[in-house]
Amino acid sequence: MAGVSVGLPDGSTRELAEGTTAADLARAIGSRLAKAAVVATIDGHEVDLDTRLPDGAQVAIVTDDSEAGREVLRHSTAHVMAQAVRRLWPGAKYAIGPVIENGFYYDFELPGGAHFSDDDLERIEAEMRVIIAEDQPFVRHEHDIEEGLEIFADQPFKEEIIEAVAAGADEVDAEGSVVSTYRNSDAFIDLCRGPHVPSTGRLGHFKLMRVAGAYWRGDEKREQLQRIYGTAWESEKALAAYLHQLEEAERRDHRKLGAELDLYSFPDEIGAGLAVFHPKGGTIRRLMEDYSRQRHVESGYEFVHSPHITKSALFEESGHLDWFADGMYPPMELDGGTQYYLKPMNCPFHILVYRSHQRSYRELPMRLFEFGSVYRYEKSGVLQGLTRVRGMTQDDAHIFCTRDQMDTELVRTLTFVLDLLRDYGLNDFYLELSTKPPGKAVGSDEEWEVATEALRTTALEMGLELVMDEGGGAFYGPKISVQARDAIGRTWQMSTVQLDFQLPQRFGLEYVGPDNQRHRPIMVHRALFGSVERFMAVLIEHYAGALPTWLCPEQVRVIPVTDEHLDYAHSVVDACATAGLRATVDTTDGKMGAHIRRARTAKIPYVLVVGEQDRTAGSVGVNRRGWSGKPELGMPLAALIGEVADEVERKGLPEDRAPGSGEDGRGDQGAAPPASATRAAEPASA
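Small disclaimer: the values here were computed from a predicted structure and weren't measured. (Residues numbered from 1 in each chain as written. Predicted model: local features only at pLDDT ≥ 70, side-chain atom pairs only at ≥ 80, totals over all residues. Heavy atoms only, no water.)

Draft legend 1. Focus on the overall build of the protein chain. Looking only at helices and strands, one finds 20 helices and 34 strands in the protein chain. Taken along its principal axes, the extent of the C-alpha atoms in the protein chain is 95 × 75 × 60 Å. Expressed as a percentage of its 686 residues, the buried residues of the protein chain come to 52%. Put simply, the protein chain shows about 30200 Å² of open surface, and 49% of that area lies on carbon and sulfur atoms. (Helix = DSSP H or I, 4+ residues; strand = E, 2+ residues; numbered from the N terminus. Buried < 20%, exposed > 50% of the residue type's maximum accessible area, 1.4 Å probe, protein only. Areas by Shrake-Rupley, 256 points an atom, 1.4 Å probe, with all protein chains shown as cover.)

Below, the structure is given as structure tokens:
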């Protein structure tokens, strides 16, 4: 009897009967794998489980708890949602239903111009559960273009997609003039590349989240459609954890906390995406920046400063007007027609500092650093608090070095970045390596290969997980992005390190080597915070507003029991100030309980209550943030100041000392979900 031999991910092979499917293979390996299987990969291509295995193929079973498996669950659930909508709104037109991060959506045009409401979501969910209980199979078919158009004759959005395939657009898997469909029942068929779970009965752990409007093809001149967002997971536990993460994320939202804590605002009079920082927010910025400056001085960086605008010629020379113009504000015409631009990045200015006079190899490596304000014209739809703004301050560094110094400088730079992020309380990292963007890059393939390999080697030396981002590099070079997970498991793109052979060529940069010949330097772009604004937002959400004591604008608040104790309260504040602590006296009227509640709402690390016994003994009553028990009475003032000063020095939190605050010392931080939710990354150094 003829058979097939397939390779497995562990390097082993399996001898199977001809006609064996991927599902048969999963069952042969084990019942647990068969139960968790959703699709398979054959030679790297995802296929349905009923696909027959060819001889000599490399095969892997994709399980529901993997990221690839969750995408299949979500895509399949989107089909079920579309069928449910069609049942509830006969005649509805359905457009596309792709997988997105942690979920899916589907776009519809309802008959008679009807609109979904949030109340409709429960009805749709209930109908979806009926479809799941029916255990309908996902059956794949392939059709020529004419057949496809006939099948979807009453679905104009599907017809448009099929016509695009016929015209050569790669929107649906197509070989020549073939399109694929998946049929669940006689009443529902969808145009789709697949693969899908074997049947609707394989699904069930989902929730529909919200309704929104969306233009077909994202074009505001096209049809206005109704979009339903949902999420789906492999188990009820995973779904519950994700929904808990969303609740935690809402509680930690820096936009809400920024208003509650009086940190910053976005006045309409200034314009969208342009923040002003209030005294408390300004203090946090100053503390963040001052510590960063200190560490940069200790690490051999030199400080520079550049203007906010420049003639267009600078960005023409750098290439940014060729590759980055869409993200820049329109030019201003001055001085008889000369065009000036608000700067969207600092690197060309630092290049001019380097080029201001002839350089010697003895000056290299040259490490230039600036907190530089930059401006990028982001579309209004993507603006989001401090995480996506139009005016930002980048902590930009540019390092000029020889080719021989390159590897050492890359390791030194990435080590510095990771150490400094840890000082701000972020500790859970992985690295992402972004490679040459096809058709959007300058320089030779050889230069890109050398630069990419240098960054890959550097990343591996850090001992962290490394993932690839194919085609995600800047136009002038590849980059390493530091991805940090916060207290509830979400991933944020933080610092970037980019290796650039191109801009030194474009600007004709040189140095005189020990051989008295001219040589071209290598340039390393490095943004540590990315932007001060966005980094502050990340810290606010990571700590749920309860920042480490060293970063709190108000570290100690003193509450006198009566007006008779005001003088002693002020002397406590003076003693704190002498020790370098930021302290205030609460002089407002009201009951003691209200004073303490206000201080807790403001997330003050230490709230001190002082009365007659404290004035006599030189002590204070201590309420530590995160403390769930009774306050500590009669603590000597000197001991309290020593405790807080030590906490500031080691960049700790009062929760670290508070009983009942949880094993991680952060009682209100929340638990991480089964999978992280990656937050949109603001462009770093460009």
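Draft legend 2. Geometry of the sheet that holds strand β9 (residues 139-144). Read from one edge of the open sheet, three strands run β9-β10-β11, paired in antiparallel fashion. The sheet is open, and its two edges are formed by β9 and β11 (188-191), each paired on a single side. If you compare each strand with its neighbour and ignore which way they point, the axes differ by 30° on average. Where β9 and strand β10 (residues 178-185) come together, six bridges link them in antiparallel fashion. Paired with Val139 across the two strands is Arg183, which belongs to β10. Of the strands in this sheet, β10 and β11 touch helix α3 (residues 67-88), which is tilted by about 130° from β11. (Pairing = 2+ DSSP bridges. Axes fitted to C-alpha atoms, helices over the stretch in contact; angles between N-to-C directions. Contact = heavy atoms within 4.5 Å.)

Draft legend 3. Fine view of the environment of Arg625. Residue position: Arg625 is located in the loop between β32 (619-624) and β33 (632-636). Between the C-alpha atom of Arg625 and that of Glu248, which follows or precedes it by 377 residues, the distance is 19 Å. In terms of polar contacts, Arg625 uses its side chain to reach the backbone carbonyl oxygen of Lys603, at 3.0 Å. (Polar contact = N/O pair within 3.5 Å; in protein donor to acceptor, adjacent residues only side chain to side chain.)

Draft legend 4. Representation of the packing of helix α9 (residues 279-298) against helix α13 (residues 403-423) in the model. Between α9 and α13, the least distance of the axes is 12 Å, while the angle of their chain directions is 145°. Viewed along their axes, α9 and α13 form a crossing whose handedness is right-handed. Two secondary-structure elements touch here, α9 through Tyr291, Ser292, Arg295 and His296 and α13 through Phe416, Asp419, Leu420 and Asp423. Here the contact of α9 with α13 is built from residues that sort into three nonpolar, two polar and three charged. (Left-handed = near helix turned anticlockwise from the far one by under 90°. Nonpolar A, V, L, I, M, F, W, Y, C, P; charged D, E, K, R; others polar.)

Draft legend 5. Looking closely at the packing of aromatic side chains. For the structure on display, the rule yields 24 aromatic pairs. Ring centres 5.6 Å apart and planes at 35° place the aromatic pair Tyr301 and Phe416 in the tilted group. Here Tyr301 is found in the loop between α9 and β16 (302-303), whereas its partner Phe416 is found in helix α13, with 115 residues between them in sequence. The burial state of Tyr301 is the same as that of Phe416; both residues are buried. Ring pairing ties together the aromatic residues Tyr291, Phe303, Phe369, Phe371, Tyr424, Phe529, Phe535 and Trp550, which thus form one cluster. Residue placement shows Arg285 over the ring face of Phe277; its charged tip is 4.7 Å from the ring centre. (Phe/Tyr/Trp six-rings, centres within 6.5 Å; stacked < 30°, edge-to-face > 60°. Lys NZ or Arg CZ within 6 Å of the ring centre and 35° of its normal.)

Draft legend 6. Highlighting the pairing of strand β24 (residues 479-485). Counting buried positions along β24 yields six of seven residues, so the element is predominantly enclosed. With seven bridges joining them, strand β22 (residues 428-434) and β24 adopt antiparallel strand pairing. Within β24, the residue paired with Ser434 across the bridge is Lys479. With antiparallel pairing between neighbouring strands as the criterion, β24 and strand β25 (residues 491-500) make up a hairpin whose turn holds five residues, including Gly489 at a positive phi of roughly 90°.

Draft legend 7. Representation of helix α4 (residues 120-133). When the terminal C-alpha atoms of α4 are compared, their 20 Å separation across 14 residues agrees well with the 20 Å that a helix rising 1.5 Å per residue should span. All of the buried residues along α4 are Asp120, Leu121, Ile124, Glu125, Glu127, Met128, Ile131 and Ile132. Projected down its long axis, α4 carries its buried residues within an arc of 165°, all on one side. In this structure, α4 carries Glu122 and Ala133 as exposed residues pointing more than 90 degrees from its buried face. Taken together, the buried residues of α4 touch α3, β12 (206-215) and β13 (224-232). Looking one or two places after α4, you find Asp135, whose phi comes out positive at around 55°. (Expected span 1.5 Å × (residues − 1). Arc of directions from axis to C-beta.)

Draft legend 8. Seen up close, a nonpolar patch on the surface. A contiguous nonpolar surface patch, about 220 Å² in accessible area, is contributed by Ile309, Met332 and Leu334. Its place among the elements puts Ile309 in strand β17 (residues 309-311). Accessibility expressed as a relative area gives 34% for Ile309, which makes it partly exposed. (Patch = residues over 30% accessible without salt bridge, like charges linked within 9 Å, V, L, I, M, F, W, Y side chains within 5 Å. Salt bridge = Lys/Arg side-chain N within 4 Å of Asp/Glu carboxyl O.)

Draft legend 9. Structural view of the pairing of β25. Burial of β25 is extensive: ten of the ten residues sit out of reach of the surface. With five bridges connecting them, β25 and strand β28 (residues 522-527) associate as antiparallel partners. Bridge pairing links Val497 to Arg526 in β28.

Draft legend 10. Inspection of the packing of α9 against helix α16 (residues 532-542) at higher detail. Packing of α9 against α16 brings their axes to within 11 Å, and their N-to-C directions diverge by 105°. The orientation of α9 relative to α16 falls into the category roughly perpendicular. Of the residues in α16, those touching α9 at Gly281, Ile284, Arg285, Met288 and Glu289 are Val532, Glu533, Phe535, Met536 and Leu539. Here the contact of α9 with α16 is built from residues that sort into six nonpolar, one polar and three charged. (Parallel < 35°, antiparallel > 145°, perpendicular 65-115°, else oblique.)

Draft legend 11. Spatial organisation of the sheet that holds β17. Taken in spatial order, the three strands make up an open sheet running β17-β19-β18, and their pairing is antiparallel. Two strands lie at the open edges of the sheet, namely β17 and β18 (332-334), each paired on one side alone. The average angle at which neighbouring strand axes cross in this sheet is 35°, direction not considered. One ladder, built from three bridges, connects β18 with strand β19 (residues 338-342); its direction is antiparallel. Within the sheet, the bridge partner assigned to Glu333 lies in β19 and is Gln339.

Draft legend 12. Structural view of the nonpolar core. The biggest cluster of nonpolar side chains holds 58 residues, and the ones touching the most others in it are Met288, Tyr424, Leu499 and Phe535. The biggest single contributor to this core is α13, with eight residues. With near-sequence residues (within four places) excluded, Leu499 lies in contact with Met406, Leu410, Ala451, Ala454, Leu455, Tyr476, Gly477, Pro478, Ile522, Met523 and Val524. Counting residues in hydrophobic clusters, the runner-up holds 46 residues, among them Ala84, Ala92, Phe157 and Val165. (Core = buried A, V, L, I, M, F, W, Y, C linked by side-chain atoms within 4.5 Å.)

Draft legend 13. View of the pattern of salt bridges. Under the definition given, this model contains 46 salt bridges. As a salt-bridge pair, Arg217 and Glu160 come within 3.2 Å of each other at their nearest N and O atoms. Of this pair, Arg217 sits in the loop between β12 and β13 while Glu160 sits in helix α6 (residues 156-166), and the two are 57 residues apart along the sequence. Asp586 is the salt-bridge partner of Arg598, the closest N and O atoms lying 3.7 Å from each other. Placement of the pair is Arg598 in helix α18 (residues 592-601) and Asp586 in the loop between β30 (583-585) and α18, with a sequence separation of twelve residues. Using a relative accessible area of 37% as the deciding quantity, one classes Arg598 as partly exposed. Assessed through its relative accessible area of 9%, Asp586 is described here as buried. Through salt bridges with shared partners, one network takes in Arg285, Arg286, Glu289, Asp290, Arg293 and Glu533.

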